[in-house]
Amino acid sequence: YHLLLLPSYLLRKLTNARIALFLHVPFPSSEIFRTLATREEILRAMLCADHIGFDLFEYARHFLTCCTRMLGLSYEAKRGGVVVVNNQGREVSITCSHVGLNTAEVRRRLELPAVQTLAQRIGLGLMRAD
């Protein structure tokens, strides 16, 4: 959660930047989020991103509910499964996409001689999957 303010910092320095934020952690419900003293600052900072992604729809729903209840913002569904939050004339896209890892492929690549050599060179001890 410590990087949630980053979109606002980036936008201050890079005014034309296209910013995306993806949360790999749960977003709390509005009942929990409203207890934070800096809740509005966090939401406004996140909304400086052009696109915010969540692992699960439940987390996106919590975020949207916070935007509605705490900032009075509206949102609407668009084609392609995107929800858009209307924030001061800007549209911020909200999407959900659970990203999984193909562990068999990762193991296979870790076993490659080139990867093992590089790992030894930089001092990483990669465990062999015997």
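Just above sits the structure.
Residues numbered from 1 in each chain as written. Predicted model: local features only at pLDDT ≥ 70, side-chain atom pairs only at ≥ 80, totals over all residues. Heavy atoms only, no water.

Draft legend 1. View of the pairing of strand 2 (residues 51-54). Sheet topology places strand 1 (residues 20-23) next to strand 2; four bridges connect them, and they run parallel. The partner of Ala20 across the bridge, within strand 2, is His51. (Pairing = 2+ DSSP bridges. Helix = DSSP H or I, 4+ residues; strand = E, 2+ residues; numbered from the N terminus.)

Draft legend 2. How the structure looks around the sheet that holds strand 5 (residues 90-96). In spatial order, the strands read 1-2-5-4-3; together these five strands make up an open sheet with mixed pairing. At either end of the open sheet lies a strand with only one pairing partner, and these are strand 1 and strand 3 (74-78). Looking at each pair of strands side by side, their axes are set apart by 25° on average, direction ignored. Across four bridges, the pairing between strand 2 and strand 5 is parallel. For Gly53, the partnering residue across the bridge sits in strand 5 and is Thr95. (Axes fitted to C-alpha atoms, helices over the stretch in contact; angles between N-to-C directions.)

Draft legend 3. Focus on the side chain of Ser29. If you trace the backbone, Ser29 turns up in the loop between strand 1 and helix 2 (30-33). Ser29 gets classed as buried once you look at its relative accessible area, which sits at 16%. Sequence-distant contacts of Ser29, defined by excluding residues within four places in its chain, comprise His62 and Cys66. (Buried < 20%, exposed > 50% of the residue type's maximum accessible area, 1.4 Å probe, protein only. Contact = heavy atoms within 4.5 Å.)

Draft legend 4. Molecular detail of the environment of Arg39. Residue position: Arg39 is located in helix 3 (residues 39-46). Along the primary structure Arg39 and Tyr75 are separated by 36 residues, whereas in three dimensions their C-alpha atoms are 19 Å apart. Apart from the residues within four sequence positions on either side, Arg39 is in contact with Phe33, Arg34 and Met70. Among the polar contacts made by the side chain of Arg39, one reaches the main-chain carbonyl oxygen of Leu36 at a distance of 2.7 Å. (Polar contact = N/O pair within 3.5 Å; in protein donor to acceptor, adjacent residues only side chain to side chain.)

Draft legend 5. Structural context of the side chain of Thr95. By the element assignment, Thr95 lies in strand 5. On the basis of relative accessible area, Thr95 is assigned to the buried category, the value being 17%. Among the polar contacts listed, one links the side chain of Thr95 to the side chain of His51, at a separation of 2.6 Å. Setting aside residues no more than four positions away along its own chain, Thr95 makes contact with His51, Ile52, Gly53, Phe54 and Val82.

Draft legend 6. Local environment of the pattern of salt bridges. According to the stated counting rule, one finds six salt bridges in the structure shown. Between Asp50 and Arg18 there is a salt bridge, with the nearest N and O atoms lying 3.6 Å from each other. With a gap of 32 residues between them, Asp50 in the loop between helix 3 and strand 2 and Arg18 in the loop between helix 1 (6-13) and strand 1 connect regions that are remote in the sequence. On the basis of relative accessibility, which here comes to 70%, the residue Arg18 falls in the exposed class. Overall, the relative accessible area of 16% leaves Asp50 in the buried class. (Salt bridge = Lys/Arg side-chain N within 4 Å of Asp/Glu carboxyl O.)

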